[in-house]
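What follows is each chain in one-letter form.
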Amino acid sequence: MRVAVVGATGAVGSTILGVMRERDFPAAEIVPFASERSAGRRIDYGDRELITEALNHESIQGFDMALFSAGGSVSEEWAPRFADAGAVVVDNSSFWRMHDDVPLVIAEVNPEALDAHQGIVANPNCSTMQAVVALKPILDSVGIERIVVSTYQSVSGTGQRAVEELRDQAMAVLNATELPQPAVYPHQIAFNVIPQVESFKDGDDYTTEERKMMAETRKILGVKDLAISATCVRVPVYTGHSESVNIQTRKDLSPEECRELLAGAPGVRVVDQPADGLYPTAIDAAGQDDVLVGRIRRDPSHDKCLNLWVVGDNLRKGAATNAVQVAELLSERSLLRGARAA
Ligand SMILES: NC(=O)c1ccc[n+]([C@@H]2O[C@H](COP(=O)([O-])OP(=O)(O)OC[C@H]3O[C@@H](n4cnc5c(N)ncnc54)[C@H](OP(=O)(O)O)[C@@H]3O)[C@@H](O)[C@H]2O)c1
């Protein structure tokens, strides 16, 4: 199998390559792609050295699969071109996620949606991904009436430049030197909390990230009228998104039953002994593939509501790990296009 990794030098792309290596992804050849700036750059891949290429008509031919994380405009232009050339694309950008003929897939939640792919499969937004991994077992068991979610999102969710912006600002504050002007975020992120993730489009009072969370959750869970409200907040954390999730269930679910349900759910690890200081933190989740869930408790204001604290590594399960899991499923289920045609 020949696999292209598009955006291979970025925060998600380099994590994709790391996860492929860890999982011994069965690729005979892996070609990293990035912008023209990075063409020729060498990337270590265990016993192999990969050489980064730029995207052009010739360089994209002959792939079985292409894992994309190079931003929406690159995906808009190049994902269909890879698909036309015979590859199945797994795309991390938001560009294709809400298209009707593009399945939006979380490996543990709706793998069956892959069967209908037309050459492009979308990977959900990182905040959506980790929440839905925890919501799905609850939906299946007792039904969900309404969700209210507030996120505390790390800067690596914005990419490599944002990580550098936090580091440079934090150094300046600690060294009492002049603060560099914010370039990635609208305000200083070091030692601050910003209630804006992405942008306010066309006068909307919800951000594009909040709209994505609401729409993608409905699409993945297949519940068109699911009541959900999201507030997305950026915090000065390098890696790991944390979320406070309030769930109103249809049938009764006690915190004990919820703990038991989630303990048996794929991709979830319950960390919930708060009196001993055991609950998920972003630092615990960083580098892990599981979504960590804790602080499971009754909402005292409503007898069918529970509160959960859900933490995940935005670069791994929130992006790279799920993309690689989806790639594995496509291969195992003979859903690659060469295999289909055969
Ligand atoms: N970060 C997350 O937690 C996360 C989670 C889920 C989804 N995503 C999505 O994944 C995508 C990438 O995010 P990221 O955080 O990895 O960003 P990033 O660190 O800024 O990396 C961007 C990558 O895209 C490449 N690139 C830029 N312009 C290109 C072009 N014209 N042609 C080919 N490659 C190009 C860059 O190459 P150069 O190094 O040569 O510039 C780099 O490899 C975005 O769509 C983002 O929304 C991110």
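Rules and cut-offs
- Along each chain, residues carry numbers from 1 onward, in the same order as the chain's sequence is written.
- At least 70 in pLDDT is required for a residue's local features to be given in this predicted model, at least 80 for side-chain atom pairs to be given and counted, and no such filter applies to totals for whole chains, interfaces and linings, which use all residues.
- To get the side-chain values, all heavy atoms of the structure are used, and hydrogens and water are removed first.
- Residues are counted as near a molecule or strand when any one of their heavy atoms sits within 4 Å of it.
- Under this definition, polar contacts are N or O atom pairs within 3.5 Å; protein pairs additionally need one hydrogen-donor-capable and one acceptor-capable atom, and for neighbouring residues in sequence, both atoms have to be side-chain atoms.
- Surface accessibility in these figures is a Shrake-Rupley result with a 1.4 Å probe; residues are shielded only by whichever protein chains are displayed.
- To qualify as a helix, a DSSP run of H or I must reach at least 4 residues; to qualify as a strand, a run of E must reach at least 2; elements of each kind are numbered from the N terminus.
- Three categories are distinguished: nonpolar for Ala, Val, Leu, Ile, Met, Phe, Trp, Tyr, Cys and Pro, charged for Asp, Glu, Lys and Arg, and polar for the others, with Gly belonging to the last.
- The buried label applies to any residue whose accessible area, calculated with a 1.4 Å probe on protein chains only, is under 20% of its type's maximum; exposed applies above 50%, and partly exposed to all values in between.
- In this analysis, strands are considered paired if DSSP registers two or more bridges between them.
- Handedness of a crossover is defined as follows: with both strands directed away from the viewer, a clockwise route from the first strand across the helix to the second makes it right-handed.
- By convention in this document, the label disulfide applies to cysteine sulfur atom pairs within 2.5 Å.
- Only C-alpha atoms enter the line fits that serve as axes; for helices the fit covers just the stretch in contact. Angles between N-to-C directions range over 0 to 180 degrees.
- Note on contacts: a residue pair qualifies if any of its non-hydrogen atoms lie within 4.5 Å across the two residues.

**Student:** I tried to follow the site of the ligand on my own but got confused; where do I start?
**Tutor:** What surrounds the ligand is a group of 26 residues, the closest being Thr 9, Val 12, Ser 35, Arg 37 and Ser 38. For the ligand, an oxygen atom lies 2.6 Å from a polar atom in the side chain of Ser 35. The contact in question runs from a nitrogen atom of the ligand to an N or O atom on the backbone of Gly 157, over 3.4 Å. Within the complex, the protein chains bury 77% of what would otherwise be the 900 Å² of accessible surface of the ligand. Among the secondary structure elements, those contributing two or more residues to the shell around the ligand are helix 1 (11-22) and helix 8 (316-332). In the shell around the ligand, the residues fall into 10 nonpolar, 15 polar and 1 charged.

**Student:** What exactly am I supposed to notice about the pairing of strand 1 (residues 2-6) here?
**Tutor:** As a general feature of sheets, a regular strand has side chains that alternate between the two faces. Burial of strand 1 is extensive: 4 of the 5 residues sit out of reach of the surface. Direction of pairing for strand 1 relative to strand 2 (residues 29-33): parallel, over a ladder of 5 bridges. Across the sheet, Arg 2 pairs through a bridge with Glu 29, a residue of strand 2. Handedness of the crossover joining strand 1 and strand 2 through helix 1 is recorded here as right-handed. In terms of strand pairing, strand 1 meets strand 5 (residues 65-68) through 4 bridges, oriented parallel. Each bridged residue has a counterpart across the sheet, and for Val 5 the counterpart in strand 5 is Leu 67.

**Student:** Sorry, what's going on with the state of the cysteines here?
**Tutor:** In protein chemistry, a disulfide is the covalent bond that joins the sulfur atoms of two cysteines. Under the definition given, this model contains 0 disulfides. There is no disulfide at Cys 126, and the cysteine sulfur nearest it, in Cys 232, is 9.2 Å away. Cysteine Cys 305 remains unbridged, with the sulfur of Cys 258 as its closest cysteine sulfur at 12 Å. Under the relative-accessibility criterion, Cys 305 is labelled buried at 4%.

**Student:** It is not clear to me how the sheet that holds strand 8 (residues 144-153) should be interpreted in this structure. Could you clarify?
**Tutor:** Backbone hydrogen bonds are what pair the strands of a sheet, in a parallel or an antiparallel way. Pairing is mixed across the open sheet formed by 6 strands, whose spatial order is 9-8-10-13-12-11. Where the open sheet ends on each side, the last strands, each with one partner, are strand 9 (227-234) and strand 11 (268-270). On average, each strand axis in the sheet is tilted by 20° relative to the strand beside it, whichever way the strands run. Across 8 bridges, strand 8 lies against strand 10 (residues 241-249) in antiparallel orientation. Of the residues in strand 10, the one forming a bridge with Arg 146 is Gln 248. Helix 3 (residues 126-142) contacts strand 8, strand 10, strand 11, strand 12 (291-298) and strand 13 (305-312) of the sheet and is inclined by roughly 25° relative to strand 10.

**Student:** What's the story with the side chain of Arg 97 in this structure? I'm lost.
**Tutor:** On the secondary structure map, Arg 97 appears in the loop between strand 6 (88-91) and strand 7 (120-122). At a separation of 3.2 Å, a polar atom in the side chain of Arg 97 contacts the main-chain carbonyl oxygen of Ser 93. At a separation of 2.8 Å, a polar atom in the side chain of Arg 97 contacts the main-chain carbonyl oxygen of Asn 123. Leave out the neighbours within four places in its chain, and Arg 97 touches Asn 92, Val 102, Leu 104, Ala 122, Asn 123, Pro 124, Asn 125, Lys 212, Glu 216 and Lys 219.

**Student:** Whenever I open this one, the environment of Val 5 confuses me. Can you help?
**Tutor:** Positionally, Val 5 belongs in strand 1. C-alpha separation for the pair Val 5 and Thr 52, spaced 47 residues apart in sequence, amounts to 9.5 Å. Setting aside anything within four residues of it in sequence, one finds Val 5 in contact with Gly 13, Ile 16, Leu 17, Met 20, Ile 30, Val 31, Pro 32, Phe 33 and Leu 67.

**Student:** Would you mind showing me how to read the pairing of strand 4 (residues 48-51) here?
**Tutor:** When strand 3 (residues 42-45) meets strand 4, the two strands line up antiparallel, connected through 4 bridges. By the bridge assignment for strand 4, Tyr 45 is matched with Arg 48. Connecting strand 3 to the antiparallel partner strand 4 that follows it, the hairpin turn spans 2 residues, and Gly 46 within it adopts a positive phi of roughly 60°.

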